[in-house]
Amino acid sequence: MTSSQSTLLWIVLGCSAFALLFAVWLARWVLARGRGTPEMQRISDAIQQGAEAYLARQYKTIALLAIVVAILIGVGYGFFRATTEHDPVSSAKTLALYVTGSFLLGAISSGIAGFMGMWISIRANIRVASAAMTSLNGALQTALRGGAVSGLFTVAMSLLGVGGLFALLNEFPPVLGEGDIWAKHIPYLIVGYGFGASFVALFAQLGGGIYTKAADVGADLVGKVEAGIPEDDPRNPAVIADLVGDNVGDCAGRGADLFESTAAENIGAMILGVLLYERFGVNGILFPLVIMALGLVCSIVGVMTVSTKEDADPMAALNRGYYVTAALVTVAFFFATRWLLNPASAPDAWWHYFACGLIGIATSIAFVFITQYYTEYRYRPVLGIAEASQTGPATNIIAGLAVGMESTVMPVIVIGIAIIASYALGNSSGLLNAAGEPIGGLFGTAAATMGMLGTCGYILAMDVFGPITDNAGGIVEMSRQPESVRDKTDRLDSVGNTTKALTKGYAIGSAALAAFLLFSAYLDEVRNYTGQALHVDLSKPAVFVAGLLGAMLVFWFSSLAMTAVRKAASSVITEVRRQFREKPGIMQGTDMPDYGRCVDIVTVGALKAMVLPGALVVLFPIVVGLSFKHFAPHNEYLGAEAVAALLMVGTIAGILMAGFLNNGGGAWDNAKKYIETGVYGGKRSDAHKAAVVGDTVGDPFKDTAGPSLHVLIKLLSTITLVLAPLFI
């Protein structure tokens, strides 16, 4: 290992270890806060038990599925594929061992990241509720620092996994005598890590999303609409299941989601860095990891700057912390590009890639503002839905669908500008091949993606802030605390809804940039294994059909996810109605609901329902690639080309569908909350009832199908990266 490699790996692993230690300190700080009254503790304990029981059962299911996939990868690589001169190692069984091992490590790491997100959330919620009894600032800081434990832990685990695998393979290469050139082969051996992370993330996000929305829809329709009782009312038998769902969906699921985002996109960028090895050496390969490591430190500073006054807007404090983080990431990007991407043959390259990083950072900020515009009730889209609610549920739903469709316009324009501009900047960086042609364009898009992901730690902290404050409000409501306490948690809960929407917007943007990055990495990997450039020609019937199948997969997957919510919610509704009918004392407050029964119903329903759509996403590209491979004439790589078409068109459809679902659902939710402020008759008015119906329709949009599509997009990319050799 050269001194340069050693220094860079020490920075990556050192920053990751520091972030983990800081996350432990934050967790201890949060756990040292007060736990409120005995009644608050009883409710919190019920949420904790339900969440932990669900996650234990879910992870057992995911572990069995992961083992099956790992066996298939090992057998496919080791026994059903002949080695070629372009393989990173000469032995098929050695290649199978490394790819399968990295897959399992990625799956385990992703599961740990998701568990940590939920573990801190179900312990921070009561601390936030207790802090709200005395101080808004104390509650705000407790919630954000609780979220930061998840954010820092997730990104640090991802970096430790990728960086640690790189360091291990670099120190103990299976091929001796290649010297520094061996570093070029390592990204192709650890692609399984990203696939493993994506595999677990899909099931964690999908299962958690089904759980949380089935419980939420069931609780809302019977509680608010039929019984006319408030949200989080202790008389509602589904209320504990609803609060549990916030943790298993928004914390465990999103933690695994952003873990796989950073892992997959880091590996994809490293593969593109291999293209420029002759110019940057190992610096280009490790550059993505260095940026993420420095971003972790920037996120820590951003989190610790957040505070607010009792009469101030908590969202302004969170935005200030985000801007501090983004500014520090900009400074870090400047120094990293000047240090690592500054070859003597192209002295202007570094500032071109710094500008690409600025484009990525600006893109993340743009997505924050776009998502706010379409999901906050200060702006036209949500106000329009609220106004439409005056004439009934049908017009509310029509207005919400229209907002969701419109909300795809600006993100696509922003993504298009970011990709084209970063590619052009990379192309004009002065990096040329032997024929004098520019070769830095793709790495420019990778630099933009790294710029966007630099603030990932803080963004995830803001995301987990949402379910923590939501749970805190539920605990305060169910334990019947004074109105002044509920006012504080309501303010934080409202901010939490915004931060959750912002994170989904950020996830769409990063998925879109990453999709182009990972698609480019797939093409590069095929070239590495075949020695030929792969051109995707949609005028070929087979390739066009494969692209059409990719778009269809997005719609089929979304349908299965929302159908699962409908079925599980129907079971909850039936159970809640039964309890109200058989125990009339529940509504009078003289009898206790059976919360555990609803928790068990949703748990079983979510775990059963997540298997089919998850398996569909994993198997679909494999079936397409292997099937179309046999249609190929001699010397044509039709299987690899068909998979590329499926990946390309499926990604485009997935990005648009995810934006439509996320923003439409968020707009419906906040239209309901706007009416609850007192406009159009306020709570229990006809407009409010219509808005509740719209919000219920939007629930599986924004919290089940939409977030799961982020993972689907990247899972398609990572599975094709891992299995590319089988399609050739």
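In what follows, the structure referred to is the one given above.
Residues numbered from 1 in each chain as written. Predicted model: local features only at pLDDT ≥ 70, side-chain atom pairs only at ≥ 80, totals over all residues. Heavy atoms only, no water.

Asker: Explanation requested: the packing of helix H4 (residues 136-171) against helix H16 (residues 456-478) in the structure shown.
Answerer: When two helices pack together, their arrangement is given by the angle between the helix axes and by the axis-to-axis distance. Close contact between H4 and H16 brings their axes to 7 Å; oriented N to C, the two are set at 130°. Classified by the angle their axes make, H4 and H16 are oblique. Remark: the crossing between H4 and H16 carries right-handed chirality. In contact with Leu140, Ala143, Leu144, Gly146, Gly147, Ala148, Ser150, Gly151, Thr154 and Val155 of H4, H16 contributes Cys456, Gly457, Tyr458, Leu460, Ala461, Met462, Val464, Phe465, Ile468 and Thr469. Residue composition of the contact of H4 with H16, by class: 13 nonpolar, seven polar and no charged. (Axes fitted to C-alpha atoms, helices over the stretch in contact; angles between N-to-C directions. Helix = DSSP H or I, 4+ residues; strand = E, 2+ residues; numbered from the N terminus. Parallel < 35°, antiparallel > 145°, perpendicular 65-115°, else oblique. Left-handed = near helix turned anticlockwise from the far one by under 90°. Contact = heavy atoms within 4.5 Å. Nonpolar A, V, L, I, M, F, W, Y, C, P; charged D, E, K, R; others polar.)

Asker: Even after reading the chapter, I still don't get the pattern of salt bridges, so can you show me in this structure?
Answerer: If charged atoms from side chains of opposite charge come close, those side chains can pair. Taken as a whole, this structure holds 19 salt bridges when the rule is applied. In this structure, Lys673 engages Asp669 in a salt bridge whose closest nitrogen and oxygen atoms are separated by 2.8 Å. In this pair, Lys673 and Asp669 both sit in helix H21 (residues 638-676), four residues apart, roughly one turn of the helix. Exposure class is identical for Lys673 and Asp669. Each is buried. (Salt bridge = Lys/Arg side-chain N within 4 Å of Asp/Glu carboxyl O. Buried < 20%, exposed > 50% of the residue type's maximum accessible area, 1.4 Å probe, protein only.)

Asker: What is the right way to read the nonpolar core from this model?
Answerer: When a protein is soluble and globular, its nonpolar side chains tend to lie buried together. Among the nonpolar cores identified, the biggest contains 251 residues, and Tyr353 and Tyr522 are the most heavily contacted of them. What Tyr353 contacts, discounting residues up to four positions off in sequence, is Leu276, Phe280, Phe333, Thr337, Leu341, Gly426, Ser429, Leu431, Gly440, Phe443, Gly444 and Ala447. In terms of nonpolar packing, the next biggest core, distinct from the first, is built from five residues, Ala326, Val329, Ala332 and Ile361 among them. (Core = buried A, V, L, I, M, F, W, Y, C linked by side-chain atoms within 4.5 Å.)

Asker: Just checking my understanding: could you explain unusual backbone geometry for this structure?
Answerer: The phi torsion of most residues other than glycine is negative, and most of the peptide bonds are trans. Its identity as a non-glycine residue notwithstanding, Arg480 has a phi of 55°, on the positive side. Inspection of the secondary structure assignment puts Arg480 in the loop between H16 and helix H17 (483-530). For Arg480, a relative accessible area of 60% corresponds to the exposed category. For Tyr680, which is not glycine, the phi torsion reads 55° and is therefore positive. Assignment of secondary structure puts Tyr680 in the loop between H21 and helix H22 (686-727).

Asker: Help me understand the environment of Tyr59, please; the structure alone is not making it clear to me.
Answerer: Along the chain, Tyr59 falls in helix H2 (residues 38-79). Spatially, the C-alpha atoms of Tyr59 and Asn663 are 30 Å apart, while their sequence positions differ by 604 residues. Setting aside chain neighbours within four positions, we find Tyr59 in contact with Ser110, Gly111, Gly114 and Phe115.

Asker: Please explain the side chain of Thr100 as it appears in this structure.
Answerer: For Thr100, the location among the structural elements is in helix H3 (residues 92-131). In this structure the side chain of Thr100 is engaged in a polar contact, spanning 3.3 Å, whose partner is the backbone nitrogen of Gly74. Separated by 2.7 Å, the side chain of Thr100 and the backbone oxygen of Ala96 make a polar contact. Those residues in contact with Thr100 that lie beyond four places of it in its chain are Ala70, Ile73 and Gly74. (Polar contact = N/O pair within 3.5 Å; in protein donor to acceptor, adjacent residues only side chain to side chain.)

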